Protein chains: 2
Amino acid sequence: MKIAVDAMGGDNAPLVTVDGAVQAANDFGFQIALVGDRDLIYLELEKYKGYPKKQITIQHASEVVGMDEEAPTLAVRKKKNSSINVAINLVKNKNADAVVTAGNTGAAVASATLNLGLLPGIERPGIAIVLPALKGVSLLIDVGANIDPKPEHLLQYAIMSNIYSRYILRKANPRISLLNIGKEESKGTGSLKETYKLLSESGLNFIGNIEGRDIFSGRSDCIICGGFIGNVVLKVCESIAETTAAFFKRELRRSLLARMGALLCQPAFLALKKGTDYSECGGAPLLGIDGTCIVSHGGSTTKAIKNAIKVAGEFVNYKVNQHIVREISYGKC
Amino acid sequence: MKIAVDAMGGDNAPLVTVDGAVQAANDFGFQIALVGDRDLIYLELEKYKGYPKKQITIQHASEVVGMDEEAPTLAVRKKKNSSINVAINLVKNKNADAVVTAGNTGAAVASATLNLGLLPGIERPGIAIVLPALKGVSLLIDVGANIDPKPEHLLQYAIMSNIYSRYILRKANPRISLLNIGKEESKGTGSLKETYKLLSESGLNFIGNIEGRDIFSGRSDCIICGGFIGNVVLKVCESIAETTAAFFKRELRRSLLARMGALLCQPAFLALKKGTDYSECGGAPLLGIDGTCIVSHGGSTTKAIKNAIKVAGEFVNYKVNQHIVREISYGKC
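Novice: Even after reading the chapter, I still don't get the confidence of the model for chain A, so can you show me in this structure?
Specialist: Atom-level detail of predicted coordinates should not be read off regions where pLDDT is low. With 97% of its residues at a pLDDT of 70 or more, chain A has an overall mean of 92. On the interface metric, ipTM, the complex scores 0.85, and its pTM is 0.89.

Dropping the structure here:
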């Protein structure tokens, strides 16, 4: 198993990407290709007394797509030698089995789609995010690859996320739901009503519509939605966590007693942070791509990178893409 | 000033609706018509040693539209004598100046639209929600009245929310933004790009696109979006607050020390709760209706009902609807 890690992707690259890669090499025995500026990567690797030199190689890439580049597709086309392109091309040329990146998500989608193409029968790629729920985790797809999906695209997302849930999240019979503004079949836009019908007839374990308030309840294993709504929801969730923490800290500053109290509750705060940190869940798979690509959060920690590498390995080992191709072709018959 | 209060609307009706109405009558000197089951309302009123009898009347309504009725428009048509219909008709027949309800939002929109109609020039009504932000509050419109809006509808929401922000939220020059998945003008669906253009040319203080992560930053005073996304975002926000609280309480149960700590931090928790409780902000105005209707949260407290009644009075006093009609007709010239 050889994983190409985009060493330059993410807010804390190449520090955490190299660190996560070294840990993954040690823990899982994978081969790792660190892709990016060779000097910077080498400087990071030199910090280790001993790292598994036989397992880790450096693949030089002279450019980087920035985290905040607003036109990532254009950036991917222009920066031919960017770390994400070089990493993806290692997979294309069979020099690696999978890519892990904590870089610009749009760039990862664009580079993977342009260079690897889509799986046979798949019409659009989708980004699936593993969300923490009150009980277990849920998968939300799509969170930004396809902002104006047709009902057929959403059906394909359901089929793909069902497979991912079964093989990677170890759920025997994932409950599939459609994100909507009410539970009744008649709710939502015409496109959503059509999707409801397709999902009902799909043979999947479709449990109907789910409302925004139920996203974190854990009632559904795979929540299907368009990329526009998924992206907004994801960013709103992130900002609520940040805003709440900022507000709470501001209040604590007003009182010494409250600060002492906060210290005593710290285990509960830390458990909350851990329980709601989706970067712990191994990153977001790009589904529908003819290859394996896991996108980690830009703010990923070492542990998150390591987990993403682990998931990338599982994605390959469990032949997730082959299952997708088979089930999509069944749907066509 | 006479306000019709839907006494049967909300999770804790008629207890909190009557209580809020009595407090509003005392504090603001308004006349209040309590609309609903006369016996139940009378039982509530009897609990008070003295309430302003000259200011409070009961208007009997024999039916109620339930909070969870999934087809509120149908319910409003069938239950002619429901409390929401009777309250709205008091406004229609000039027996009241405004309606306040904590009942089914869909029923309020349907009853107001059917019975009062829209303001001249307005194509669709919109529900605006006052959201707490890190600095001040922001208005989010629409959160469910219009799930598939045209660009022209979104422009009208911007015009209406601008006026509401100025007169009711006391903001001199509200910053208007469009909820999107990126800051650039080129982001989002075709419909959103067209809306961006309309807003740019509108003469409003349009500050461009805003992402999900900035909803709570306070950077924008009026955030414009379609009713589908607004509704999902609103419900996600509510559920995050509930899920986080549930998770935190579960963690606290594991440790006595942590529970003591939580007690010491209580002032900070309470401040957080108060700061993020949008029912404190006076409810959600239905904008575009030819009349005044404020919808409070179903879980409203007495204080929230009282605040909503106050806002309803201000809406009438500041002639918000007349300003809307004038500015919409300017836009048409």
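Picking up after the structure, the text goes on.
Novice: Before we go on, may I ask you to explain the pairing of strand 7 (residues 176-179) of chain B in this structure?
Specialist: A regular strand places its side chains on the two faces of the sheet in alternate fashion. All names here are of chain B. What you see with strand 7 is no split at all: Ile 176 and Leu 178 on one side and Ser 177 and Leu 179 on the other are buried throughout. Regarding topology, helix 7 (residues 190-200) serves as the crossover connection from strand 7 to the parallel strand 8 (residues 206-210), and that connection is right-handed. In the sheet, strand 7 pairs with strand 9 (residues 222-224) via three bridges, with the strands oriented parallel. Its bridge partner being in strand 9, Ile 176 is matched across the sheet by Cys 222.

Novice: What is the right way to read unusual backbone geometry from this model?
Specialist: Residues apart from glycine generally show negative phi values, whereas peptide bonds are mostly found in trans. In this chain, Ala 13 of chain B is followed by Pro 14 of chain B through a cis amide linkage whose omega measures 0°. With respect to the helices and strands, Pro 14 of chain B occurs in the loop between strand 1 (2-6) and helix 1 (15-28). Of note, the bond from Ile 141 of chain B into Asp 142 of chain B is cis; its omega dihedral lies within 30 degrees of zero at 10°. As for its placement among the helices and strands, Asp 142 of chain B is situated in the loop between strand 6 (137-141) and helix 6 (151-167). The backbone of Lys 94 of chain A sits at a positive phi, close to 60°, despite the residue not being glycine. Relative to the helices and strands, Lys 94 of chain A resides in the loop between helix 4 (83-92) and strand 4 (98-101). Since its relative accessible area comes to 74%, Lys 94 of chain A is described here as exposed.

Novice: How do you make sense of the environment of Ala 133 of chain A when you look at a structure like this?
Specialist: All names here are of chain A. When you line up the elements, Ala 133 lands in the loop between strand 5 (126-132) and strand 6 (137-141). Assessed through its relative accessible area of 13%, Ala 133 is described here as buried. Ala 133 sits 82 residues away from Ile 215 along the chain, and the two C-alpha atoms are 7.6 Å apart. Beyond its immediate sequence surroundings of up to four residues, Ala 133 is in contact with Ser 138, Phe 216, Ser 217 and Gly 218.

Novice: For this particular structure, what's the right way to read the relation of the copies chain A and chain B?
Specialist: Applying a rotation about an axis and a shift along it to one chain copy brings it onto the other copy. Screw-axis analysis of chain A against chain B gives a translation of 0.0 Å along the axis, an RMSD of 0.0 Å, and a rotation angle of 180°. The transformation just described matches what one would write down for a two-fold rotation axis. In terms of proximity to the rotation axis, the leading residue of chain A is Gly 261 of chain A, whose C-alpha is 1.9 Å off the axis. Comparing interface residues between copies, 100% of those in chain A also lie at the interface in chain B; the contact surface is shared.

Novice: What is the right way to look at the nonpolar core in this model?
Specialist: The nonpolar side chains of a soluble globular protein tend to be buried with one another. By size, the foremost hydrophobic cluster in this structure holds 204 residues, and its most contacted members are Ile 32, Leu 34 and Ile 309 of chain A together with Ile 32, Leu 34 and Ile 309 of chain B. Apart from residues lying up to four places away in sequence, Ile 309 of chain B is in contact with Ile 3, Val 5, Gly 20, Ala 21, Ala 24, Phe 30, Ile 32 and Val 100 of chain B. Residues Ala 262, Cys 265, Ala 268 and Leu 272 of chain B belong to the second largest nonpolar core, which totals 18 residues.

Novice: Mind showing me how you'd approach the interface of chain A and chain B here?
Specialist: Frequently, the measure chosen for interface size is the accessible area removed from exposure when the parts meet. Across the boundary between the two partners, chain A contributes 49 residues, which contact 49 residues of chain B. For the chain A and chain B pair, buried surface summed over both sides reaches about 4700 Å², with 77% attributable to carbon and sulfur atoms. Broken down residue by residue, the surface that chain A buries against chain B is led by Glu 70, Ile 181 and Phe 228 of chain A, which jointly contribute 14%. Counting every contact that joins chain A to chain B gives four salt bridges. Across the pair Glu 70 of chain B and Lys 187 of chain A runs a salt bridge whose closest N-O atoms are separated by 4.0 Å. Taken together, the elements giving at least two residues each to the side of chain A that touches chain B come down to helix 8 (227-252), helix 9 (256-264) and helix 10 (266-275) of chain A. It is helix 8 of chain A that contributes the most residues to the side of chain A that touches chain B, 18 residues altogether. For the side of chain A that touches chain B, a count of residues per class yields 28 nonpolar, eleven polar and ten charged.

Novice: Looking at this structure, I do not really get the sheet that holds strand 4 of chain A. What am I missing?
Specialist: Within a beta sheet, neighbouring strands are joined by backbone hydrogen bonds and run either parallel or antiparallel to one another. All names here are of chain A. The strand order 3-2-1-4-11-10-5-6-9-7-8 describes an open sheet built from eleven strands, whose pairing is mixed. What marks the edges here is a single partner per strand, and that holds for strand 3 (56-60) and strand 8 (206-210). Taking each pair of neighbouring strands and ignoring which way they run, the sheet shows an average axis angle of 25°. Taken together, the three bridges between strand 4 and strand 11 (residues 293-295) define a ladder with parallel strand orientation. Of the residues in strand 11, the one forming a bridge with Val 99 is Cys 293. Against the sheet, helix 4 contacts strand 1 (2-6), strand 2 (31-36), strand 3, strand 4 and strand 11, and its axis sits at roughly 145° relative to strand 2.

Novice: How should I be thinking about the layout of surface pockets in this particular structure?
Specialist: Any empty space left between atoms is shown by rolling a water-sized probe over those atoms. Space inside the second largest pocket adds up to approximately 670 Å³. Lining the second largest pocket are 26 residues, with Ile 147, Asp 148 and Thr 189 of chain A together with Asp 148 and Thr 189 of chain B sitting closest to its centre. Going through the elements one at a time, helix 7 (190-200) and helix 8 of chain A together with helix 7 and helix 8 (227-252) of chain B are the ones with two or more residues in the lining of the second largest pocket. Here the lining of the second largest pocket takes three residues from helix 8 of chain A, the largest share from any one element. For the lining of the second largest pocket, the per-class residue count stands at 17 nonpolar, seven polar and two charged.

Novice: Just to check I follow, could you spell out the pattern of salt bridges for this structure?
Specialist: If charged atoms from side chains of opposite charge come close, those side chains can pair. A full pass over the atoms with the stated rule returns 24 salt bridges over all chains. A salt bridge links Glu 211 of chain B to Lys 235 of chain A, with the nearest nitrogen and oxygen atoms 2.3 Å apart. Taken together, the positions of Glu 211 of chain B in the loop between strand 8 and strand 9 and Lys 235 of chain A in helix 8 put the pair across two chains. Accessibility expressed as a relative area gives 7% for Glu 211 of chain B, which makes it buried.

Criteria and cut-off values
Residues numbered from 1 in each chain as written. Chains lettered and ligands numbered in written order. Predicted model: local features only at pLDDT ≥ 70, side-chain atom pairs only at ≥ 80, totals over all residues. Heavy atoms only, no water. pLDDT = per-residue confidence, 0-100. Buried < 20%, exposed > 50% of the residue type's maximum accessible area, 1.4 Å probe, protein only. Helix = DSSP H or I, 4+ residues; strand = E, 2+ residues; numbered from the N terminus. Right-handed = clockwise from strand over helix to strand, strands pointing away. Pairing = 2+ DSSP bridges. Contact = heavy atoms within 4.5 Å. Least-squares fit on C-alpha atoms with pLDDT ≥ 70 in both. Core = buried A, V, L, I, M, F, W, Y, C linked by side-chain atoms within 4.5 Å. Buried area = accessible area lost by both parts, 1.4 Å probe. Salt bridge = Lys/Arg side-chain N within 4 Å of Asp/Glu carboxyl O. Nonpolar A, V, L, I, M, F, W, Y, C, P; charged D, E, K, R; others polar. Axes fitted to C-alpha atoms, helices over the stretch in contact; angles between N-to-C directions. 1 Å grid on protein atoms, 1.4 Å probe; cavity = no way out; pocket = protein on both sides within 12 Å on 5 of 7 lines; lining within 4 Å. Points joined across faces, edges and corners; volume = space filled by probe spheres on them.

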